[in-house]
Amino acid sequence: MRNEQCSARCGVKMRLGRLVGLSLIIFHLSFSLACSEAQEHIAKAVNPEDSVSMMTTYGVNTLISDSGVIKYRIVTERWDVNTTRQPSRWEFMKGIFFEQFDEQFHVQAYIQADTAWYYDQKRLWKLRGRVNIRNVKGLVYTSEELYWDGMAHEFYSTVFSRVVTPERTMEGTYFRSDEKMDHYMVTNSVGSFQAADIEGDDNNSSATSGDSIEEPLRPAPEKHRRD
């Protein structure tokens, strides 16, 4: 009888020991899973070059002043201002149109481009695509890229440019001018001829070779020259 009771007690103790051991294993696994799920996953920092615009404006028609005097009207479908990228900039990816005024608020020129960037710290405009300028004196400028330096108050380009005036047509790979297009130059030219020659004789319409300078502003920097 005593042997049977001892055997029964031993069996109960063994089952209890197994249950306690199994419970400890389950508790340990649950604790480990809970700790692993609590780990914080941190994404990589956003690259400033991938940052979005701080401000986006649609359907813009606004006046821009310089030193308290209204100088330009800007018309664009979309205007993005991004101050997180370096250098900070305005972006006009849907095209841009300018009206340029004199001190009496008379229109002096029209400027148009497919895309544009304005670097506000340097006051530098970069115009790309179909760049066109027309002023009240009949000058027409076309190119695929043009820079507008607001500090130096001048335009310049190091790609193929074409200037047409009532007197002549000039083409070249370097262009520089003041903001009013009163004094300008085209170098490394591929053509310079009088408009009257085109109308009068087809044999004289071929472009002449060599450099041609119209009312030079100043000599072109060496880094812009192309041999």
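Look a little higher up for the structure.
**Student:** It is not clear to me how the overall build of the chain should be interpreted in this structure. Could you clarify?
**Tutor:** When helices and strands are counted, the chain shows two helices and 12 strands. Going residue by residue from the N terminus, the α and β elements of the chain occur as α-β-β-β-β-β-β-β-β-β-β-β-β-α. Considering the chain as a whole, with its 227 residues, one finds that 35% of them fall into the buried category. Residue pairs at least 24 apart in sequence account for 40% of intrachain contacts in the chain once pairs closer than 6 positions are excluded. Surface accessibility of the chain: about 14,900 Å² in total, with carbon and sulfur atoms responsible for 54%.

**Student:** Please clarify how the side chain of Asp 80 should be interpreted in this entry.
**Tutor:** Relative to the helices and strands, Asp 80 resides in strand E2 (residues 69-82). Within the local environment of Asp 80, its side chain forms a polar contact with the side chain of Arg 78, the two groups lying 2.9 Å apart.

**Student:** Even after reading the chapter, I still don't get the packing of aromatic side chains, so can you show me in this structure?
**Tutor:** By convention here, two paired aromatic rings are described through the distance between centres and the angle between planes. In this structure the tally under the stated criterion is 15 aromatic pairs. Centre to centre, the rings of Trp 90 and Tyr 118 are 4.7 Å apart; their planes meet at 50°, and the pair counts as tilted. One end of the pair, Trp 90, is in strand E3 (residues 89-92); the other, Tyr 118, is in strand E6 (residues 115-119), with 28 residues separating them in the sequence. Aromatic pair Tyr 118 and Trp 125: ring centres 4.7 Å apart, planes at 40°, arrangement tilted. By relative accessible area, which is 8% here, Trp 125 ends up buried. Taken together, the aromatic side chains of Tyr 72, Trp 79, Trp 90, Phe 92, Phe 98, Tyr 118, Trp 125, Trp 148 and Phe 155 make up a single cluster linked through ring pairs.

**Student:** How should the nonpolar core be read in this particular structure?
**Tutor:** Counting residues in hydrophobic clusters, the biggest one holds 27 residues, and the most contacted among them are Phe 98, Trp 125, Leu 127 and Phe 175. For this core, the elements supplying multiple residues, two or more each, are E2, strand E4 (96-101), strand E5 (107-113), E6, strand E7 (124-135), strand E8 (140-149), strand E11 (168-178) and strand E12 (184-194).

**Student:** I would appreciate a short explanation of the layout of surface pockets in the present structure.
**Tutor:** To find the voids left in a structure, one rolls a probe of water-molecule size over its atoms. Roughly 320 Å³ of volume is contained in the largest pocket. Forming the boundary of the largest pocket are 16 residues, of which Gln 100, Phe 101, Gln 108, Glu 179 and Lys 180 lie nearest the centre. Elements supplying a minimum of two residues to the lining of the largest pocket: E2, E4 and E5. Looking at the lining of the largest pocket residue by residue, the class counts come to four nonpolar, four polar and eight charged. In this structure, the second largest pocket encloses a volume near 220 Å³. As for the second largest pocket, its lining consists of 13 residues, and the residues nearest its centre are Ile 64, Tyr 72, Tyr 118, Arg 123 and Trp 125. Contributing elements (two or more residues each) for the lining of the second largest pocket: strand E1 (55-66) and E2. Ranked by residue count, the leading element in the lining of the second largest pocket is E1, at three residues.

**Student:** What is the right way to look at empty space enclosed by the protein in this model?
**Tutor:** Considering all chains together, one arrives at one cavity of 30 Å³ or more under this definition. Space inside the largest cavity adds up to approximately 30 Å³. Every residue lining the largest cavity is listed: Gln 100, Ala 109, Ile 111, Ile 133, Asn 135, Phe 155, Glu 179, Lys 180 and Met 181. Breaking the lining of the largest cavity down by element, the ones donating at least two residues are E5 and E7. Partitioned by chemical class, the residues of the lining of the largest cavity number five nonpolar, two polar and two charged.

About the criteria used
- Residues numbered from 1 in each chain as written.
- Predicted model: local features only at pLDDT ≥ 70, side-chain atom pairs only at ≥ 80, totals over all residues.
- Heavy atoms only, no water.
- Helix = DSSP H or I, 4+ residues; strand = E, 2+ residues; numbered from the N terminus.
- Buried < 20%, exposed > 50% of the residue type's maximum accessible area, 1.4 Å probe, protein only.
- Contact = heavy atoms within 4.5 Å.
- Areas by Shrake-Rupley, 256 points an atom, 1.4 Å probe, with all protein chains shown as cover.
- Polar contact = N/O pair within 3.5 Å; in protein donor to acceptor, adjacent residues only side chain to side chain.
- Phe/Tyr/Trp six-rings, centres within 6.5 Å; stacked < 30°, edge-to-face > 60°.
- Core = buried A, V, L, I, M, F, W, Y, C linked by side-chain atoms within 4.5 Å.
- 1 Å grid on protein atoms, 1.4 Å probe; cavity = no way out; pocket = protein on both sides within 12 Å on 5 of 7 lines; lining within 4 Å.
- Points joined across faces, edges and corners; volume = space filled by probe spheres on them.
- Nonpolar A, V, L, I, M, F, W, Y, C, P; charged D, E, K, R; others polar.

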